[in-house]
Amino acid sequence: PPPPPPPPPPRDVWELVGRWVVASPSAVLALLTLLFLPFLYVTSVDSVYSAELTSLVPASMPAGLALRELETRFGTGLLYPYYILVTSKPSNPQPLFSAPFFAAAHEVLQQMVLAVPGTPRQNITGAFFANGEPVPFELVRMAFDAGTSFSNTTTGGHLRSLIETFFTKDGDATFLYVIKGDPFGDVSRRWLHEARSYLEEVSQAGGYEWQIAGMGAVTIDTQDSVLAAFPLVIGTTALTVFCLLGCAFGSVLVPMRSVLTTACTLVFVYATLQIVQGGAPYHLLQLELRAPWECPGVAWLVPVMTFTVLTGLNTDYDVFLVAGIRKMRALGASNDDAIVSGLRSNGGVITTAGAIMALAFSGLLASSTLAVHQVAFVVVLAVLADTLVVRMLLVPAVMALLGEWNWWPTAMRDADGPYLPLSEKSRAALL
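What comes next concerns the included structure.

## Observations concerning the overall build of the protein chain
Line of reasoning, step 1. When helices and strands are tallied, the protein chain shows 15 helices and eight strands.
Line of reasoning, step 2. Counting across all 431 residues of the protein chain, residues that qualify as buried make up 45%.
Line of reasoning, step 3. For the protein chain, the exposed surface amounts to about 20,900 Å²; the carbon and sulfur share of it is 68%.

Now the structure itself:
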C-alpha cells in the first residue's frame, strides 16, 4: 500500500504546541517539574504571613498614612497592647479594690513572669502593677484618704488617676496592658497561648477570673480559628471537584490529574507572592537586607480568600480542555490526536478567557490596600500561569503519558488508523 500522506502544516500556534508536547511528553514534564520544585520549597518551608493591620488599611488615606507613621516610629507593640482583664467570681465576696486582691494579683503576675517565657515584666502596667513593679494597696488607700498628707502629693494624685482609669466605678473589674514587641507574630502567638493556659489555672484555683484580650489576641484567635478550618475547606473542595469531574468524564484519573495540576498552579502563585512581596529570598539566604520594593509581608487572608476562587477558575479551564480531548477520542481519534485536536479547538478559547479574567482583576493591582493588591496579584498570575502553562503544556504532557489510562474505567473505542500528529479524520471532525 502507498505510504500515508504527510500531515498538513499546523494551522495555529496551539496545534503546533500540541504536536510538540505529545512528541516529547516526558521531556516537557521533566522540565516543568524542575522549574516547579523551587516554588514548592518556598510554599512548604519558607512561607511567612503577616497579620499587620496596615495591610487592610488603604495607604492613600490620611488615617492609613498616619497609622504607618505611628507603627514605624513607635512600633506595633505600643499601638496594639494585650489586655489582661480581671473580674470577681460570683462566689467570691471579696471586692477587687482590697488588700487581699492586690496581694493575690501581685503574686499572680510575679509568677507569670517566671512561668511564661517572654512575659515582659517592665511592660506590664495597671493600677496594682505599674511598669513592672507591684503597687502596695496601703499607698492606694492613703491616696484616697483626704486626712493624710500623702493624698495631696503628686504621687497620691497619680495613684487616684490609675485607679479611676483601670478600675470600673463599681470596683468589680480591672485590667492591665502588656506591651509585646510584635503583637501579631509567632513569638506573641506562643506567649498568648502559654499565658492563657497559666491564667486559666489561676482562675480555676482562685476567686478571680483572668482573661486576655486586645487587638493582637483577637487577630491571633481569628487566625487560629480560620486556619484550623482551612484544611477541611481544602479537602472538601478537592473531593467535590474530584467527584464532579469523575461523574462528568467517567474517569478516575482525569479528576485526580485535574486536582494535582490545579494544586501546582496554586503552589506557584503563592510561592511567587512570597518571593515578590514576602521577602522569601532574604529568609532563605538569611540576609537582613531588604529590597526597596518589599512590602510588609503577605497578608494571611490572601490564601484564604483566593483558594476556592482559583480552584473554580482553574477547574473551568481544565473542563474546557478535557471536554474537547474526550470528544475527539470518543470519535475514534488516537489519544495523541485527541490531545492535539483539543488544544487546537479550545486552546484559544481558554487563553482568551484567562486574558479577560486577568484584565478584569488587573485594575485592583493599583490599590493602595496591601491585601487587595495581593489578592489581585495572585488571581492575575494564577489565571495567566494556568491558561498559558498548566493547561497548554503540563496537562497535555501528563495525558499523553497516561494514554488510554486517562479514561479508565470507561472503555473507549479503538483508535482509527495509525497515529499522525493531526490525522485528516480528526481535522474533519473538528470542521
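Once you've had a look at it, read on.
## Let's talk about unusual backbone geometry
Line of reasoning, step 1. Going from Trp408 to Pro409, the amide bond is cis rather than trans, its omega being 10°.
Line of reasoning, step 2. Position of Pro409 among the secondary structure elements: in the loop between helix H14 (370-402) and helix H15 (424-430).

## Comments concerning the packing of helix H1 (residues 13-23) against helix H13 (residues 335-362)
Helix-helix packing is characterised by the crossing angle of the two axes and by the distance between the axes.
Line of reasoning, step 1. Close contact between H1 and H13 brings their axes to 8 Å; oriented N to C, the two are set at 140°. The pairing of H1 with H13 is recorded here as oblique in orientation. In the crossing of H1 with H13, the sense of the turn from one axis to the other is right-handed. In contact with Trp14, Glu15, Gly18, Arg19 and Val22 of H1, H13 contributes Asp336, Ile339, Val340, Leu343, Arg344, Gly347, Gly348 and Thr351.
Line of reasoning, step 2. When its residues are assigned to classes, the contact of H1 with H13 shows five nonpolar, four polar and four charged.

## As for the layout of surface pockets
Where empty space is left in the structure can be found by rolling a water-sized probe over the atoms.
Line of reasoning, step 1. Taken as a whole, the second largest pocket holds about 390 Å³ of empty space.
Line of reasoning, step 2. Leu32, Phe36, Cys264, Val390 and Leu394 are the residues nearest the centre of the second largest pocket, which is lined by 17 residues in total.
Line of reasoning, step 3. At the level of elements, helix H2 (25-45), helix H10 (253-277) and H14 are the ones that each hand at least two residues to the lining of the second largest pocket.
Line of reasoning, step 4. Partitioned by chemical class, the residues of the lining of the second largest pocket number 13 nonpolar, three polar and one charged.

## So, H2
Line of reasoning, step 1. Compared with an ideal rise of 1.5 Å per residue, which puts 21 residues at 30 Å, H2 spans 30 Å between its outermost C-alpha atoms and is within 8% of the ideal.
Line of reasoning, step 2. Within H2, the axis deviates most sharply at Phe36, by approximately 30°, and proline Pro38 lies no more than four positions further along.
Line of reasoning, step 3. Restricting attention to buried positions, one finds in H2 the residues Pro25, Val28, Leu32, Phe36 and Val42.

## So, the sheet that holds strand S3 (residues 124-125)
Line of reasoning, step 1. Taken in spatial order, the four strands make up an open sheet running S3-S6-S2-S7, and their pairing is antiparallel. Only two strands of the sheet have a single partner each, and these edge strands are S3 and strand S7 (208-213).
Line of reasoning, step 2. Each of strand S2 (82-88), S3, strand S6 (173-178) and S7 is contacted by helix H5 (residues 99-115), which is oriented at about 45° to S7, the strand it contacts most.

## Some remarks on the pattern of salt bridges
Line of reasoning, step 1. The tally for this structure, following the rule as stated, stands at 11 salt bridges.
Line of reasoning, step 2. Salt-bridge contacts for Glu69 lead to Arg73; the nearest nitrogen and oxygen are separated by 2.4 Å. Here Glu69 and its partner Arg73 are both found in helix H3 (residues 62-74), four residues apart, which amounts to about one turn of the helix.
Line of reasoning, step 3. Taking relative accessible area as the criterion, Glu69 reaches 38% and is therefore assigned partly exposed.
Line of reasoning, step 4. Relative accessible area serves as the criterion here: at 62%, Arg73 is assigned to the exposed category.

## Regarding the environment of Glu107
Line of reasoning, step 1. Here Glu107 lies in helix H5.
Line of reasoning, step 2. Put simply, Glu107 and Pro134 are 27 residues apart on the chain and 9.2 Å apart in space, counted from C-alpha to C-alpha.

## Section: the side chain of Asn346
Line of reasoning, step 1. Looking at where Asn346 falls in the secondary structure, it is placed in helix H13.
Line of reasoning, step 2. Judged by relative accessible area, Asn346 falls into the buried class, the value being 18%.
Line of reasoning, step 3. Here the side chain of Asn346 touches Phe320 through a polar contact of 2.6 Å, landing on its backbone oxygen.
Line of reasoning, step 4. Asn346 has contacts with Phe320, Leu321 and Gly324, leaving out every residue within four places of it along the chain.

## Let's talk about the pairing of S2
Line of reasoning, step 1. Two strands pair when backbone bridges link them, and S2 and S6 are joined in this way by six bridges, in the antiparallel orientation. Paired with Tyr82 across the strands is Val178, a residue of S6.
Line of reasoning, step 2. Summarising the sheet, S2 and S7 pair through six bridges and their orientation is antiparallel. Its bridge partner lying in S7, Leu85 is registered against Gln211.

## Re the packing of aromatic side chains
Line of reasoning, step 1. Applying the stated criterion to the full structure yields 17 aromatic pairs.
Line of reasoning, step 2. Here Phe102 and Phe167 contribute two aromatic rings whose centre-to-centre distance is 6.3 Å and whose plane-to-plane angle is 5°, an arrangement assigned as stacked. Of the two residues, Phe102 is situated in helix H5 and Phe167 in the loop between helix H7 (154-166) and S6; the sequence distance between them amounts to 65 residues. The burial state of Phe102 is the same as that of Phe167; both residues are buried.
Line of reasoning, step 3. Feature note: the residues Phe97, Phe101, Phe102, Phe128, Phe137, Phe144, Phe167 and Tyr208 constitute an aromatic cluster, connected by ring pairs.

## Here we look at the nonpolar core
Line of reasoning, step 1. By size, the foremost hydrophobic cluster in this structure holds 50 residues, and its most contacted members are Tyr270, Leu310, Ile325, Val378, Met399 and Trp407.
Line of reasoning, step 2. Among the secondary structure elements, those contributing two or more residues to this core are H1, H2, helix H9 (215-249), H10, strand S8 (298-299), helix H12 (301-330), H13 and H14.
Line of reasoning, step 3. What Trp407 contacts, discounting residues up to four positions off in sequence, is Gly250, Ser251, Val254, Val322, Ile325, Arg326, Arg329, Asn335, Met399 and Met412.
Line of reasoning, step 4. Within the second largest apolar cluster, 38 residues are counted, among which are Tyr82, Phe166, Leu176 and Ala195.

## A few points about the side chain of Ser341
Line of reasoning, step 1. Within the secondary structure, Ser341 is located in helix H13.
Line of reasoning, step 2. The class for Ser341 is buried, based on a relative accessible area of 0%.
Line of reasoning, step 3. A polar side-chain atom of Ser341 sits 2.8 Å from the main-chain carbonyl oxygen of Asp337.

Rules behind the numbers
Residues numbered from 1 in each chain as written. Predicted model: local features only at pLDDT ≥ 70, side-chain atom pairs only at ≥ 80, totals over all residues. Heavy atoms only, no water. Helix = DSSP H or I, 4+ residues; strand = E, 2+ residues; numbered from the N terminus. Buried < 20%, exposed > 50% of the residue type's maximum accessible area, 1.4 Å probe, protein only. Areas by Shrake-Rupley, 256 points an atom, 1.4 Å probe, with all protein chains shown as cover. Axes fitted to C-alpha atoms, helices over the stretch in contact; angles between N-to-C directions. Parallel < 35°, antiparallel > 145°, perpendicular 65-115°, else oblique. Left-handed = near helix turned anticlockwise from the far one by under 90°. Contact = heavy atoms within 4.5 Å. Nonpolar A, V, L, I, M, F, W, Y, C, P; charged D, E, K, R; others polar. 1 Å grid on protein atoms, 1.4 Å probe; cavity = no way out; pocket = protein on both sides within 12 Å on 5 of 7 lines; lining within 4 Å. Points joined across faces, edges and corners; volume = space filled by probe spheres on them. Expected span 1.5 Å × (residues − 1). Bend = angle between axes of the 7 residues up to and from the residue. Pairing = 2+ DSSP bridges. Salt bridge = Lys/Arg side-chain N within 4 Å of Asp/Glu carboxyl O. Polar contact = N/O pair within 3.5 Å; in protein donor to acceptor, adjacent residues only side chain to side chain. Phe/Tyr/Trp six-rings, centres within 6.5 Å; stacked < 30°, edge-to-face > 60°. Core = buried A, V, L, I, M, F, W, Y, C linked by side-chain atoms within 4.5 Å.

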